[in-house]
Amino acid sequence: MPSASACMKETMESVQLLTLGLAITLFPAVYWRRGIRRGRRDTAKKPPLIEISDSAAARTVLIDHADAFSNRPLTLFPVALVTGQRRRRSDSISSAQYGPLWRALRCNLTSEALHPSRFDQLGPLQREFVASLVATLSARIAAGGDGGGVVVVRDDVHAAVFGVVARLCFGELVVGNARDVLAMRRVMQGFVRAIGEANVFAGSWLAKLVHWRRWRRFLGYRGQQAAFFLPLVSERERRRRSGCCNDGGIRPYVDTLIDLRVPDDDGDNDGDDDAGKMHVDARRRTLTDDELVSLLSEFLGASTESAVSCIEWALAHLATKPEVQKKLRREIAGGGGDHGEGSAVSEERLRGLPYLHAVVLESLRLHPPVPFLMRDVVHAEGVATVPAGGARVHFLIRDMARDGKDWTDPDEFRPERFLAGGEAEGVGAVPGPKEIRMMPFGAGRRYCPGAGMGMMHVKCFLAALVREFEWAPAADRGGVVDFTELDGFFKVMKTPLRAHVKRCMQAM
Ligand code: HEM
């Protein structure tokens, strides 16, 4: 028999459903009448969508017309994340319009948390999380017996990368706090999954009604993020005031956000939920709570999801190409110098491993974690493809990097093409101004500021995984790896990689 609380919950849900249904039925009628009365029915049309998959055309517009192609759509996801009457947008770097606020936010990230001079300080952090990943996988293998075992690697890699990123973001606040970090990770994973599925709600109240539980869960992620992040921000402020922070020499991203003052140029604070809490000083202000949540969520999500996607795709290809795997292992083990079981390969050595670099580039070419770039173009004088009234432009990164006119056997995983003498010698992760062959980190004004850090995370974990373990397709699926992509916001493998893994003899 259902309990009283279950009955109560069901009744509440029915009432909510009924209310939502009524609101949806009445809203269009009321809005329509008001619109006609005031003579302001929204006639704004969606801009036409233009898709560009030719690399030469992409270079022309993104580089030669960089200013015109420097804005993303106002809402990045198919539906807005913050609801209600807020008049101030709660921007992250990705969503901010090209202008002073975007510049201040991006400059803060690149000159602080992502500055290359920081990379060398990351050694102890990487060693800690590489060692824990190696230990986790070794335990799984041991549980499988016979010196090897079938492992689904994605979640363990995700935990390790997120561990590093959370520490860069929050510093000592998350040290020794494994349960909270796991809970925060689950919220971020749920959020990323939800935005990948948000297309079902886009532009239709009926869809929101039909999928109302999912819709409610989707909106709930924002609140859950705030519930994790804002107390950490307050605690950080408290510890800074009392002078007891010890972050091992790395200034966490949250500190830079607390200290940041951004231009207060929209002057539109009336009725804003956060306006009362903001400190405004001579047209520069502190960040609102909403902005803090957006920026922290962006840092955690952007740094983790793309890196994990790239590591998993690379492992999938290495598992099916033993000769490439062996060659890579030889290169990683070759220089010696890195010591101890599961220890990370140092930043300096990672820079000197051309084949590892080529493997990562080839993985990003075939499976860019972000499949297309978005731009909102209002005026683009001299660009014939964009009509006078402007357009939404999508750059299809994946198609570009598999174009048969630019690449030989474009669907083949062949890292050698990036080595000296190969067809893509000198092609980097971020394109230069003269030519675009591939752009997994985007291009133009809005290219990814985390490209250097992202490459480093991928190389560091991939190097350790290949040095310590041998990878082969799991036999229980006929020894076949399914390379189908999931149709989400980030392009991960639809079926998470199941690999037969055993410890390498030289690593034992
Ligand atoms: C393998 C790792 C990564 C990949 C493949 C990747 C890919 C991308 C792509 C394709 C874009 C859009 C660029 C454009 O529109 O031209 C982007 C933007 C961005 N990424 Fe990354 N990213 C990675 C790692 C990171 C990391 C570590 C961070 C650090 C926080 C980061 C932060 C951002 C931000 C803030 C933007 C928005 C930039 C702006 O609008 O100015 N990403 N990323």
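Residues numbered from 1 in each chain as written. Predicted model: local features only at pLDDT ≥ 70, side-chain atom pairs only at ≥ 80, totals over all residues. Heavy atoms only, no water.

K.L.:
Provide a residue-level description of the overall build of the protein chain, including the pertinent values.
P.N.:
Helices and strands together make up the secondary structure of the protein chain, namely 16 helices and nine strands. Buried positions account for 49% of the 508 residues belonging to the protein chain. Carbon together with sulfur atoms contributes 55% to the accessible area of the protein chain, which is approximately 24,400 Å² in total. (Helix = DSSP H or I, 4+ residues; strand = E, 2+ residues; numbered from the N terminus. Buried < 20%, exposed > 50% of the residue type's maximum accessible area, 1.4 Å probe, protein only. Areas by Shrake-Rupley, 256 points an atom, 1.4 Å probe, with all protein chains shown as cover.)

K.L.:
Report on the UniProt feature "binding site: heme" (unreviewed entry) in the protein chain, specifying residues and quantitative values.
P.N.:
Listed under "binding site: heme" (unreviewed entry) in the UniProt record, and renumbered for this structure, are Cys448. Tracing the sequence through the fold places cysteine 448 in the loop between α15 (397–400) and α16 (451–468). Its relative accessible area of 28% is what places cysteine 448 among the partly exposed residues. In this structure, cysteine 448 is in contact with Arg106 and Phe441, ignoring residues within four places of it in sequence. (UniProt positions renumbered as here; feature names shortened; annotations may be inferred. Contact = heavy atoms within 4.5 Å.)

K.L.:
An account of the sheet that holds strand β7 (residues 391–396) is needed here, citing residue identities and associated values.
P.N.:
If you walk across this open sheet you meet the three strands as β1-β7-β6, and the pairing is mixed. Looking at the sheet topology across the chains shown, the edges are occupied by β1 (49–52) and β6 (372–377). If you compare each strand with its neighbour and ignore which way they point, the axes differ by 20° on average. (Pairing = 2+ DSSP bridges. Axes fitted to C-alpha atoms, helices over the stretch in contact; angles between N-to-C directions.)

K.L.:
So what about unusual backbone geometry? Which residues, and what values?
P.N.:
Unlike most non-glycine residues, aspartate 409 shows phi in positive territory, near 40°. Relative to the elements of secondary structure, aspartate 409 occurs in the loop between α15 and α16.

K.L.:
Quick one: what's the story with the packing of aromatic side chains, residue by residue and with numbers?
P.N.:
Scanning all chains against the criterion turns up nine aromatic pairs. The interplanar angle of 15° and the centroid separation of 5.9 Å between the aromatic rings of tryptophan 215 and phenylalanine 218 together place this pair among those described as stacked. With a gap of three residues between them, tryptophan 215 and phenylalanine 218 both fall in helix α9 (residues 212–241), about one helical turn apart. The exposure classification of tryptophan 215 matches that of phenylalanine 218, with both residues buried. Centre to centre, the rings of phenylalanine 489 and phenylalanine 490 are 5.3 Å apart; their planes meet at 80°, and the pair counts as edge-to-face. On the basis of relative accessibility, which here comes to 26%, the residue phenylalanine 489 falls in the partly exposed class. Judged by its relative accessible area of 11%, phenylalanine 490 is buried. Above the plane of the ring of tyrosine 98 lies arginine 103, whose end atom (NZ or CZ) is 5.4 Å from the centre. Positioned above the aromatic ring of tyrosine 447 is the side chain of arginine 106, whose terminal nitrogen or guanidinium carbon lies 5.1 Å from the ring centre. (Phe/Tyr/Trp six-rings, centres within 6.5 Å; stacked < 30°, edge-to-face > 60°. Lys NZ or Arg CZ within 6 Å of the ring centre and 35° of its normal.)

K.L.:
Give a description of the site of the ligand that names residues and reports values.
P.N.:
Near the ligand lie 25 residues; those nearest to it are Arg72, Trp102, Arg106, Arg375 and Cys448. One nitrogen or oxygen atom from the side chain of tryptophan 102 is found 2.9 Å from an oxygen atom belonging to the ligand. For the ligand, an oxygen atom lies 2.8 Å from a polar atom in the side chain of arginine 106. Contributing elements (two or more residues each) for the shell around the ligand: α3 (100–113), α11 (289–320) and β6. For the shell around the ligand, the element with the most residues is α11, which contributes five residues. Here the residues of the shell around the ligand are counted per class, giving 14 nonpolar, six polar and five charged. (Near = heavy atom within 4 Å. Polar contact = N/O pair within 3.5 Å; in protein donor to acceptor, adjacent residues only side chain to side chain. Nonpolar A, V, L, I, M, F, W, Y, C, P; charged D, E, K, R; others polar.)

K.L.:
I'd like a rundown of the pairing of β7, residues and numbers included.
P.N.:
With respect to burial, β7 is a largely interior element, five of its six residues being buried. With four bridges joining them, β1 and β7 adopt parallel strand pairing. Paired with isoleucine 50 across the strands is valine 393, a residue of β7.

K.L.:
Requested: an account of the pattern of salt bridges, with residues and values cited.
P.N.:
Inspection of the entire model under this criterion finds 36 salt bridges. Arginine 59 is the partner of aspartate 64 in a salt bridge, and the nearest nitrogen-oxygen pair spans 2.7 Å. For aspartate 64, a relative accessible area of 46% puts it in the partly exposed group. A residue is classified by how much of its surface remains accessible, and arginine 59, at 17% relative accessible area, is buried. With its nearest N and O atoms 3.5 Å apart, the salt bridge here joins arginine 240 to aspartate 255. Highlighted residues: arginine 240 in helix α9 and aspartate 255 in helix α10 (residues 253–259), separated in sequence by 15 residues. What makes arginine 240 partly exposed here is its relative accessible area of 29%. What makes aspartate 255 buried here is its relative accessible area of 6%. Each member of the salt-bridge network shares a partner with another, and the members are Glu112, Arg118, Arg236, Arg240, Arg251, Asp255 and Asp259. (Salt bridge = Lys/Arg side-chain N within 4 Å of Asp/Glu carboxyl O.)

K.L.:
I'd love a proper account of the pairing of strand β9 (residues 498–503), names of residues and values included.
P.N.:
Residues of β9 alternate between two faces, with Ala499, Val501 and Arg503 buried on one and Arg498, His500 and Lys502 left unburied on the opposite face. Of the pairings in the sheet, the one linking strand β8 (residues 469–473) to β9 comprises five bridges and is antiparallel in character. Residue pairing in the sheet places glutamate 470 in a bridge with lysine 502 of β9.

K.L.:
Report on the nonpolar core, specifying residues and quantitative values.
P.N.:
Phe170, Tyr253, Leu300, Leu462 and Trp471 are the most contacted members of the largest nonpolar core, which has 115 residues in total. For tyrosine 253, the residues in contact, after removing those within four places along its chain, are Ile93, Asn108, Leu109, Ala113, Leu168, Cys169, Leu295, Leu296 and Phe299. Listed in part, the 19 residues of the second largest apolar core include Phe69, Val383, Val386 and Val393. (Core = buried A, V, L, I, M, F, W, Y, C linked by side-chain atoms within 4.5 Å.)

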